[in-house]
Amino acid sequence: MNTSSISNLADKAMPEPSTRKAEAPSARNSTPQFNVAMAAAGEQNATPVIVEAEKVDLFYGTKQALKSVSIPFHQNTISALIGPSGCGKSTFLRCLNRMNDLIEGCRTEGEVTLSGENIYAKSVDTVMLRQRVGMVFQKPNPFPMAIWDNIAYGPRLRGIKNKAVLGEIVEESLRGAALWDEVKDDLKKSALGLSGGQQQRLCIARALATKPEVLLMDEPCSALDPISTLKIEELMRELRSAYTIVIVTHNMQQAARVSDTTAFFLLGELIERGASAKMFTDPSDKRTEDYITGRFG
Amino acid sequence: MATAPAPLPDSPSPVPPKYQPLASSSAHLRRRKLASTLFYLLCFSVTLLSFFLLAWIMSGIFKQGIPYLNQQFLTSFPSRFAEQAGIKSALYGSVYVLCVTAVFAIPVGIGAAIFLQEYAGDNRFARFVQVNIANLAGVPSIVYGILGLALFVRALGFERSVLSGGLTLGLLVLPIIIIATQEALRGVPNSLRHGSYALGASKWQTIRRQVLPIAMPGILTGIILSISRAMGETAPLIMMGALTYVAFVPRGLRDGFTTLPIQVFNWTSRPQVEFQAIAAAGIIVLMTVLLSLNALAIFLRYRSNSRL
């Protein structure tokens, strides 16, 4: 597997959205076995580790929000982070692209490596880092501009000005986010006119346009209806062939459906981590079991 | 003590209190409705009152001023003969002074607001500056006149010129621009800033491409309010020594000047009745310039809003 993100995107075999839609129900039914197979593969370290957190401690002022969290993320896998509100899973996610730097009084200790390089090293520029590690937020946050300009935003920041090149990236990214067919005639219209689900896919497309290696998703479906959620889950499965995805979710069914591995957080600590199939059927920690069976949380 | 597994209640099982809907009595309801109506009438009448007061003043001014408002009035210099008096030098003076004010205060004000809101963070220095700017906005305008006299006219040697007047008014409106711009920047949702950073934007790219365009309508409102304020100010300019009788159009930044409100003030202090009417004509000119500035601002706001 080529580690370069750009060739990843080019290599990506993109099924036609129309055929994908038709297959949706059957694809959904077959997910559990699919996940088991992939999870097993993940356990055997079929793909190399791309992002690795090692003994990450994080403090908001004096309050410790993360306690020595270590997780490796393998290339081309989907990893879910679950746990009750305030357990630190979103905070941990934001460590992976240093979005926590924007929060005043937030201090991170430990190491997070991206392709072997510590992203908290002095020499690392957050601008460069965030080009390689894209992020999708909980609430869709399209920029108040045209759909086309939203997608072209990231490439333009890097100085790409050629309209033809940008146009290609826009189409490629919107197709990648399964939104092209719905918006291809309205690219000049405001992104704020889209529905919630479309806005979130637009945000995914916007992140894809910067051709990242890793995609972080912070509860991307929590503001969406079940049909939009389903679309985004399908999309994530598709994107896995080209990207490494880390998703925070409150929805345990969602974690079970889409992820290869799951990590359970509680009060800033990583309690248990493993293949999703095992986590949701046979967790080894009592607290994990209590949480996923709905006894608390 | 009793060890009965299920102790029998001494009294018959408690009857839940009878459910009583909390309906108002009809008298009470009538009182509430009456209070509602009275409040509505009060609001309506004060609105009407302020409208009529304005209409009364305006009609008085128009009745007096319209007869004198002709091309000759706009193209003549002031004169001690009422029928020859014109407002040309004051009109030009006001426009020149406001240009200096705008060129100085708008970039400095917006820059300071961006620094305080986006860069400074929450430290002691930023809070100190913040409190002082808020205080400056409340300083009487005549104090700015004294400052302008000491700083621009004397210390920097700009004399009693368009430059001194413009800069003095610039200082006067600077806090207003800063506060309005900060307010507009604060209104930009953080989710957009974070969205931009997450795509690998630098701080300046985020401010330039997201924050400023979204804050623009608010910033424009602040600018236009402050320019209108500067336009109507008389005291600081008289304090720093603007001329009251000017029979020429300023040709440069170092020339003496007068402005519309100073000219109006000058005319109203004359004993002759004709000059009262000329002052009214001057007020009409002043208000026309002000209202067209406001119209421009509304147009610009509309345009930057409809960009979305």
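Each value, and the rule that gives it
- Residues numbered from 1 in each chain as written.
- Chains lettered and ligands numbered in written order.
- Predicted model: local features only at pLDDT ≥ 70, side-chain atom pairs only at ≥ 80, totals over all residues.
- pLDDT = per-residue confidence, 0-100.
- Helix = DSSP H or I, 4+ residues; strand = E, 2+ residues; numbered from the N terminus.
- Pairing = 2+ DSSP bridges.
- Axes fitted to C-alpha atoms, helices over the stretch in contact; angles between N-to-C directions.
- Contact = placed C-beta atoms within 7 Å.
- Nonpolar A, V, L, I, M, F, W, Y, C, P; charged D, E, K, R; others polar.
- Expected span 1.5 Å × (residues − 1).
- Buried ≥ 20, exposed ≤ 12 C-beta atoms within 10 Å, placed from the backbone.
- Core = buried A, V, L, I, M, F, W, Y, C linked by C-beta atoms within 7 Å.

How do you make sense of the confidence of the model for chain B when you look at a structure like this?
Caution applies to low-pLDDT regions: their predicted coordinates should not be interpreted in detail. Residue and element names in this part refer to chain B. On average, residues of chain B score 85 in pLDDT, and 94% of them are at 70 or above. Within chain B, the element-level pLDDT minimum falls on helix H2 (residues 71-75), averaging 77, and the maximum on helix H7 (residues 190-198), averaging 93. Taken together, the chains of this predicted complex give a pTM of 0.76 and an interface ipTM of 0.79.

Can you walk me through the sheet that holds strand E10 (residues 269-275) of chain A in this structure?
Hydrogen bonds along the backbone pair up the strands of a sheet, which may run parallel or antiparallel. Residue and element names in this part refer to chain A. A sheet is described by the order of its strands in space; here 6 strands give the open sequence E6-E7-E8-E3-E9-E10, paired in mixed fashion. Whereas interior strands pair on both sides, the edge strands pair on one side only; in this sheet they are strand E6 (133-136) and E10. Between one strand axis and the next, the sheet turns by 15 degrees as a mean value, whatever way the strands run. Bridge count for E6 against strand E7 (residues 214-218) is 4 bridges, and the pairing is parallel. Its bridge partner being in E7, Val133 is matched across the sheet by Val214. The sheet strands contacting helix H9 (residues 196-208) are E6 and E7, and the helix crosses E6 at an angle near 170 degrees.

Would you mind going over the interface of chain B and chain A with me for this structure?
The extent of an interface is frequently quoted as the accessible surface area lost upon association of the parts. Each partner contributes residues to the interface: chain B has 16 residues there, and chain A has 22 residues. The element best represented in the side of chain B that touches chain A is H7 of chain B, accounting for 6 residues. Of the residues that constitute the side of chain B that touches chain A, the class distribution is 7 nonpolar, 8 polar and 1 charged.

Looking at this structure, how should I read the confidence of the model for chain A?
Mean pLDDT over chain A works out to 82, with 84% of the residues at or above the 70 mark. Note that residues 1-44 of chain A has pLDDT below 50 and, in this model, 46 contacts with residues that lie over four places away or in other chains.

Please clarify how the sheet that holds strand E1 (residues 49-60) of chain A should be interpreted in this entry.
Strands sit in the order E2-E1-E4-E5 (chain A) across an open sheet of 4 strands; the sheet is antiparallel. Each of the sheet's edge strands pairs with one partner strand only, and the pair in question is strand E2 (63-74) and strand E5 (117-118) of chain A.

What should I look at first to understand H9 of chain A in this one?
Along an α-helix, a turn takes 3.6 residues, which lines up residues three or four apart on a common side. All names here are of chain A. Taking 1.5 Å as the rise per residue, H9 with 13 residues should run 18 Å; its terminal C-alpha atoms sit 18 Å apart, in good agreement. Taking burial as the measure, the 13 residues of H9 include 12 buried ones, the bulk of the element. Taken together, the buried positions of H9 are Gly197, Gln198, Gln199, Gln200, Arg201, Leu202, Cys203, Ile204, Ala205, Arg206, Ala207 and Leu208. Residues of H9 that are buried sit in contact with E6, helix H6 (147-157), helix H7 (163-176), helix H8 (180-183), E7 and helix H10 (226-239).

Sorry if this is basic, but what is going on with the nonpolar core here?
Across soluble globular proteins, you tend to see nonpolar side chains buried next to one another. Residue and element names in this part refer to chain A. Core analysis: the largest hydrophobic core is formed by 82 residues, its most contacted members being Leu81, Ile151, Ala205, Leu215, Leu216, Ile245 and Val246. Tallying contributions element by element places H9 first for this core, with 6 residues. Ignoring any residue separated from it by four or fewer positions in sequence, one finds Leu216 in contact with Leu93, Leu96, Asn97, Val133, Gly134, Met135 and Val246.

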